[in-house]
Amino acid sequence: MRNLGAGRSWRILAALAAVVVLAASCGDDDSTADTPSAGTEPVEAPAGATDTDGGTDADDSMEEPSAGDAEASSDDSSDGSASDEGGSSDDAGTAEAIEPITIGAISTLDGPFAALGDFSMHGVKLALLEYGGTLDGDATRDTVTGAEVAGVPIELVIEGSDATPDVAVEATRRMVEQDGANIVIGPLSGDEGLALKDYIREHPDVTLVNGTSASQDLTLRDPSPNVFRFGGDGAMWTFGVGTYAYEELGHRRIATVAEDYSYPYDQVGAVLTEFCALGGTVAERIWVPLGTQDYSSFVAQIPDDVDAVFFAMGGTDAINFVKQYDEFTGQAIPLIAGPTAVDQSVLNELGSRAEGLVSSGPVVDDSGLAEFDTFAEYLDDVFPGQTPNTFNVYYYVATKSALQALEEVGGDLSDGSAAFQAALAQQSWTTPIGPVVLDDNRQAVVDMYLRRVTDGAQATIETLPLVNATLGFDRDAYIAQGSFSRDNPSCG
Amino acid sequence: MAGVALGGYIVERSLEIGDRSLLVLLNGLTAAGLYFLMASGFTLVFGLVRVTNLAHGGLYLLGGYTALSLQRMTGNWFIAAGLGAVATAGLSTVLYLVLRRVHGDGLPETMLTLGAAIVMADQALANWGGVPSDLDPPAALRGSIDLPGSILLYPKFRLSVVAMAMLAGLCLWLLLYRTRLGSTIRASADDSDMVSILGIRVELVFCTVFAMAGALAGLAGAAGGTYLSLAQGEDNRILLASLIVVIAGGLGSIGGAAVAAVVIGLVEAFAQTHHAIFSVLITFGTLIAILALRPHGIFGSQQDDRA
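Here the structure is a predicted model, which is why all the values come from computation and not from measurement.

**Q** Would you mind going over the pairing of strand β5 (residues 152–161) of chain A with me for this structure?
**A** For a regular strand, side chains alternate in direction, first toward one face of the sheet and then toward the other. All names here are of chain A. For β5, the buried fraction is high: 10 of the 10 residues fall into the buried class. Of the pairings in the sheet, the one linking strand β1 (residues 101–108) to β5 comprises 8 bridges and is parallel in character. Bridge pairing in β5 links T102 to E155. Of the strand pairs in this sheet, strand β4 (residues 148–149) and β5 are connected by 2 bridges, and their pairing is antiparallel.

What follows is the structure in structure tokens.
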């Protein structure tokens, strides 16, 4: 049956196929981005739930938050279903039709970090529930309705990216320019944050409250006046590890293995800055492509004569690396972990191999803070089975900080959000992971924890109080040394 | 000539890294084993029905995930991998039955397989979620053995992947060259119309080949899901790797797939160890070099252009 021309066309076909696959694999995140339905569900959701959110694209959701809805929701407000925080009065809500405030939340709902995107949205929704909102449904893209601050109804718009900067910018553009988002919460990953900073700079009346993007230069260098970060950056999250490795663990010479992009540069940079300042040396810096599956060839490059190996990876990469490092060396040389590599969100998958790993990071399970325990209970109440991790805590803190500032200004976003942004910069409260205040660049000064994986949870070795963006070094000198990179700091 | 250049490269690097060369060699062979399991089925299908089956990566992923679920149920790796391979063989057969409708029409066929690949990836995400996971190796293959001359060990399971690929290669060779079914398959690849005229149901032969390719991909998924891990996007990664192997080896040639799998696997392992930044460039560079010297791949032949 084969037609006779087929023989000649096979070469063309093969070439075409190669191009298609190449494109698909280079942007393999893109291919999943085309299909939001599956990625939006929480991992535990039964497969049957797929239909419920199948059509939740930007185009659908943008029809909802129109001015017409405002009347209905402002009627509700008289029932006194406002927040338990008490807070300011109803005097701002005198007009008949109050323009609602739109909060846009963005995280990685597709692609390799889809699971982390689910956690982030839990955090956003928890904060809104505290302000009288109710969950629309269990799926990740189901929003929260009915929340209000100072009598002003709050709309939530949810958008997903796939951890690539251009998709994140596109999604944020939809939220800001079509849905009219006044406040954007997010994004999740480092390079996305840098891209959104540049976008949001052109929209000074819109406020970006960072989720978990841990890129240093979101706030450290060339900050934008409408970008706020209520958590640490990659370097802050790694604070104290270099010193602990040198002084307490007695390591003098280490190797590092990390993914080859900005966020791991920050982690390795922070560790080496401390470690080398004390006199330690680095034998080898191994950079692996993001998304590497087979680490055997990289493990082979680790010199035999180092005291420890610091590794900085996220999600799947961390799981693969630790497993293979364990198989290849039996952990003959001890590992020291980067913050996300042993985040609570992956500890389960790492299993017993992670036991005993030392790291620094924003969240521990035994801090003993009343705020933490309350949060953990609250989270488990609303989203059964969930436990605190960097993503749900950080998105919660970001959203709640924004809502508190909104409350202080009575929901007033006039004059390009000037009053709101000023109030946001002044936020100072005790979050589930400790006190937070912002510096002049609107970057948080927060507690970090030196921690060790014990029985599958993060146990505190030491609390590192009020870590700032320059890790306690002289600010000008620290900034002058330039952004961390493959070979900066030099650590000669 | 490519072989000589490559050999020179390998020798030079081996001298440079001393006692690590054995490790890198084994890494390369492990990767080659996995690539061969994927590429052999891919090339078999292409040789017979001239379909560039872009859903082959999806079969890998689904085979791996099915084996994962079955292992959690039964606790036995071999049963899980075997049934996973049976499942993907079935799926691959279904894919053929759909493809048959547009058979002989190259572009729609390829597009159809691409669509199937996307559906499979989405089903994997919907059923198994975005959190990566992996299979436990069978008890006998757990653990590692010592490599002489360094602190490094070598996981037993990785070695068995090489053995598994060699076994699969041997079985394929026996089947194709020592059985009646094999000669029918080869005859159909050469001239299916003539075979059909001789009273053999060619579609049944095609069906068998698709099932075999599916089973091999499913098996590769279980193997890869054990020593690497199963995650979203793995289907594309492995498809790209096996496509490189198939093209380098010569489309339709099982022997070519075997040789190319070893070449690409070794080059990749050596490149990642010594020039990590350029490893992708070096892998594709090897492909370009092979195609420059042998435009139809290592074992590809002009005869495909008959018509």
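There is more to say, and it comes next.
**Q** Please explain the pairing of strand β11 (residues 308–312) of chain A as it appears in this structure.
**A** Residues and elements named next belong to chain A. The element β11 is largely enclosed, with a buried count of 5 among its 5 residues. Alternating positions in β11 separate into two faces, A308, F310 and A312 on one and V309 and F311 on the other, with burial throughout. Relative to β11, strand β9 (residues 253–259) is paired through 5 bridges, and the arrangement is parallel. Each residue of the ladder has a partner; that of A258, found in β11, is A312. Here β11 runs beside strand β12 (residues 335–337); their pairing, made up of 3 bridges, is parallel. Residue pairing in the sheet places V309 in a bridge with L335 of β12. With respect to chirality, the unit in which β11 leads through helix α13 (residues 315–329) into the neighbouring parallel β12 is right-handed.

**Q** Where do I start with the domain arrangement of chain A in this structure?
**A** Many structure descriptions define interface size as the accessible area lost when the parts assemble. Residue and element names in this part refer to chain A. The domain boundaries assigned to chain A delineate domain 1 (65–232 + 368–446) and domain 2 (236–361 + 455–480). Taken residue by residue, the interface counts 22 residues in domain 1 and 18 residues in domain 2. Every element with two or more residues in the side of domain 1 that touches domain 2 is listed here: α6 (114–129), α8 (190–201), α16 (390–408) and β16 (444–454). Residues belonging to the side of domain 1 that touches domain 2 are distributed by class as follows: 10 nonpolar, 9 polar and 3 charged.

**Q** How should the sheet that holds β1(A) be read in this particular structure?
**A** Note on sheets: strands pair through backbone hydrogen bonds, and any given pair is parallel or antiparallel. Residues and elements named next belong to chain A. What the 6 strands build is an open sheet, ordered β4-β5-β1-β6-β7-β8; its pairing is mixed. The open sheet is flanked by β4 and β8 (227–228), the only strands paired with a single partner. Along the sheet, helix α7 (residues 165–178) makes contact with β1, β5 and β6 (183–185), crossing β5 at roughly 155°.

**Q** Explain the environment of A:E192 to me, please; I cannot follow it from the model alone.
**A** Residues and elements named next belong to chain A. When you line up the elements, E192 lands in helix α8. On the basis of neighbour counts, which here come to 31 C-beta atoms within 10 Å, the residue E192 falls in the buried class. C-alpha of E192 to C-alpha of P165: the two residues are 27 residues apart in sequence and 4.2 Å apart in space. Residue contacts for E192: discarding those within four places in its chain leaves S161, A163, P165, A168, P187 and S213.

**Q** Help me understand the environment of A:V169 in this model?
**A** All names here are of chain A. Residue position: V169 is located in helix α7. According to the C-beta neighbour criterion, V169 is partly exposed, with 19 such atoms within 10 Å. Taking the C-alpha atoms as reference points, V169 and L196, separated by 27 residues in sequence, lie 5.9 Å from one another. Excluding residues that lie within four positions of it along the chain, V169 makes contacts with A195, L196 and Y199.

**Q** Is there a simple way to explain the confidence of the model for chain A in this structure?
**A** Close reading of the predicted structure is inappropriate where its pLDDT is low. With 80% of its residues at a pLDDT of at least 70, chain A reaches an overall mean of 83. Note that pLDDT drops below 50 for residues 1–9 of chain A; the model gives that stretch 18 contacts with residues more than four away or on any other chain.

**Q** Mind showing me how you'd approach the confidence of the model for chain B here?
**A** The predicted model of chain B has a mean per-residue pLDDT of 88, with 91% of residues at 70 or higher. Across the interfaces of the predicted complex, the ipTM metric reaches 0.84, alongside a pTM of 0.80.

**Q** What's the story with helix α9 (residues 234–249) of chain B in this structure? I'm lost.
**A** Spacing of three or four residues puts side chains on the same side of an α-helix, whose turn is 3.6 residues. All names here are of chain B. With 16 residues, α9 extends 22 Å between its outermost C-alpha atoms, agreeing within 8% with the 22 Å of an ideal straight helix rising 1.5 Å per residue. When you tally the buried positions in α9, you get 15 out of 16 residues, the bulk of the element. At the C-terminal side of α9, G250 shows a positive phi close to 105°.

What counts and what doesn't
- Residues numbered from 1 in each chain as written.
- Chains lettered and ligands numbered in written order.
- Predicted model: local features only at pLDDT ≥ 70, side-chain atom pairs only at ≥ 80, totals over all residues.
- Buried ≥ 20, exposed ≤ 12 C-beta atoms within 10 Å, placed from the backbone.
- Helix = DSSP H or I, 4+ residues; strand = E, 2+ residues; numbered from the N terminus.
- Pairing = 2+ DSSP bridges.
- Right-handed = clockwise from strand over helix to strand, strands pointing away.
- Domains from an automatic or database assignment.
- Contact = placed C-beta atoms within 7 Å.
- Nonpolar A, V, L, I, M, F, W, Y, C, P; charged D, E, K, R; others polar.
- Axes fitted to C-alpha atoms, helices over the stretch in contact; angles between N-to-C directions.
- pLDDT = per-residue confidence, 0-100.
- Expected span 1.5 Å × (residues − 1).

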